[in-house]
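Remarks on the overall topology
What follows is each chain in one-letter form.
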Amino acid sequence: MTRYHFPDQSQDVISVSSLNRMARDLLEAGIPPVWIGGEISNLTLAASGHAYFSLKDGGAQLRCVMFRHKLSLLPFRPQEGMQVELRGQVTLYEARGEFQINVGEMRAAGLGRLYEAFERLKARLQAEGLFDNARKRELPAHPAAIGIVTSPAAAALRDVVSTLRRRMPGIPLILYPAQVQGETSARQIADAIRQAGERREVDVLIVCRGGGSIEDLWSFNEEIVARAVAACPIPTVSGVGHETDFTICDFVADRRAPTPTAAAELVSPNREHLAIQLEQTKRALERALGRLLTDKAQQLDFLGRRLTHPGARLQTQRERLNTLSQTLRQCVHAAFEQGRWRLQLAGTRLARHQPDLDAGRQALRQRQDALIRARDRLLERRAQRLAQLAATLTALNPDAVLARGYAIVQKQDGHAVKNPAELLNHEKVTLRLAEGSTEARIEHSEGAQAQLPF
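For the structure given in this document, a descriptive report is provided here. Numbering of residues begins from 1 in every chain and follows the order in which that chain's sequence is written. The model is predicted, so local features are restricted to residues of pLDDT at least 70 and side-chain atom pairs to those at 80 or more, both for listing and for counting; the totals for chains, interfaces and linings are taken over all residues. Side-chain metrics in this entry use all non-hydrogen atoms of the structure; hydrogen atoms and water are not considered.

1. Remarks on the sheet that holds strand β11 (residues 408-410)
For clarity, the cut-off: Following DSSP output, two strands are said to pair if at least two bridges run between them. Labels follow the DSSP assignment, with helices taken as runs of H or I lasting at least four residues and strands as runs of E lasting at least two, numbered in each case from the N terminus. Lines are fitted to the C-alpha atoms to define the axes, a helix being fitted only along its stretch in contact, and any angle between axes, read from their N-to-C directions, falls within 0 to 180 degrees.
Read across the open sheet, the three strands follow the order β11-β12-β13; overall the sheet is antiparallel. Strands with a single pairing partner mark the edges of an open sheet, and in this sheet they are β11 and β13 (436-441). For this sheet, the mean angle separating the axes of adjacent strands, direction not counted, is 30°. As defined by bridge partners, β11 adjoins strand β12 (residues 428-433) across three bridges and the pair is classed as antiparallel. Residue pairing across strands places Gln-410 opposite Thr-430, the latter belonging to β12.

2. As for the pattern of salt bridges
For the record, the criterion: Any Lys or Arg side-chain nitrogen located within 4 Å of an Asp or Glu carboxyl oxygen qualifies as a salt bridge. Only protein chains enter the accessibility calculation, which uses a 1.4 Å probe; a residue is then buried when its area is under 20% of its type maximum, exposed when over 50%, and partly exposed in between.
Tallied over the entire structure, the rule returns 15 salt bridges. Among the ionic pairs, Arg-21 bridges to Glu-94, the shortest N-O distance being 3.9 Å. Placement of the pair is Arg-21 in helix α1 (residues 16-30) and Glu-94 in the loop between β4 (83-93) and β5 (98-108), with a sequence separation of 73 residues. Arg-21 sits in the partly exposed class, given a relative accessible area of 38%.

3. What about the pairing of strand β7 (residues 173-177)?
To keep things clear, this is the line we draw: Seen with its strands pointing away from the viewer, a crossover is right-handed when the path leading from the first strand over the helix to the second is clockwise.
Pairing geometry for strand β6 (residues 146-150) and β7, over five bridges, is parallel. Bridge pairing in β7 places Ile-148 opposite Leu-175. What joins β6 to β7 is helix α4 (residues 155-167), and the crossover it makes is right-handed.

In structure tokens, the structure reads:
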């Protein structure tokens, strides 16, 4: 432990800074880091990321500072009124001479257990998909009726009703009463939400209550309420607490409003805005109707100019009929004259080309006589030629030669022998005569031809 020499009152005078530095050293050296429990108050989160707050209990409070690099390691965000346990170094802020704790660690205590339960339930429901934007439904733009789940004695109910009456007083409101604080409040809130879903008499449902501590708002962090909101068939808006308050109900609901009043504004159309839109639509319709009337009036004037008296119209059609009748007669007469002229022209051409039947018959007889004479001459020439060919054929006919006493010598294979050298001695041959055939044997002079073996 560092020991300091304090000056005598009659001797040296020290500065304020020196005294604060000695006090800081004594505190840091004399008191080791300790765990301290208390409630956070006067919390300030600086732009630098450091947190400044007071830790208090029923009898005292002390200043605390937690620097950014330590604050970022916490699994939660410190909030006003939170009960915590912190470990830090007792020190003195020299510039102001303020006694403070330089916090190095912090953990939830007391209400911190509620925050831990809050985070656990939030993580589990988020993993189940109850917070997904895909399951969020759009709020109706013009609800026919609005339901409210809250306590009949709650100030939030008065805020919601006054806001709805101001914005759109014609919309019916239905209250589904439930306690919003206490042991049975979570069950009552869940039952009221289920009752609204079963009755289906409203188009949108507000679940709300005013601000308070985490203990006051804890009913809206219960799983039974979250499940009821998720299962509700009616689009639901959560308006619990103030803008800085968040509950599990906020994450499950289709829309989250920072306050009950804001929830009422979310679910109701603004009467003044609707009146402005209605006026704008009215003016647009008036302009469109005026343009339509002007166009129709001009069209009526145009058609009026085209409209004529029926008698005059009949007279015009009668005159047109007479004109068409004359034109038709002229066309028929012209067509008749043209046809007659064409007929005369054809008769003239036919007369020029009409054949002389007597001359034709005489020419035909002459050609017939010439054809007969040519035929007779051709037949005569063909008969002479045929006789010549018959005589030649007769002369060349082998049978005629045989008839004159000749014979044809044929070998055994039917080959006709033309040269004696083709025959062997003692060879059998066939002699073909005019009236039949016979066999013979060749007898050559000795040594004239080779002999067949016997």
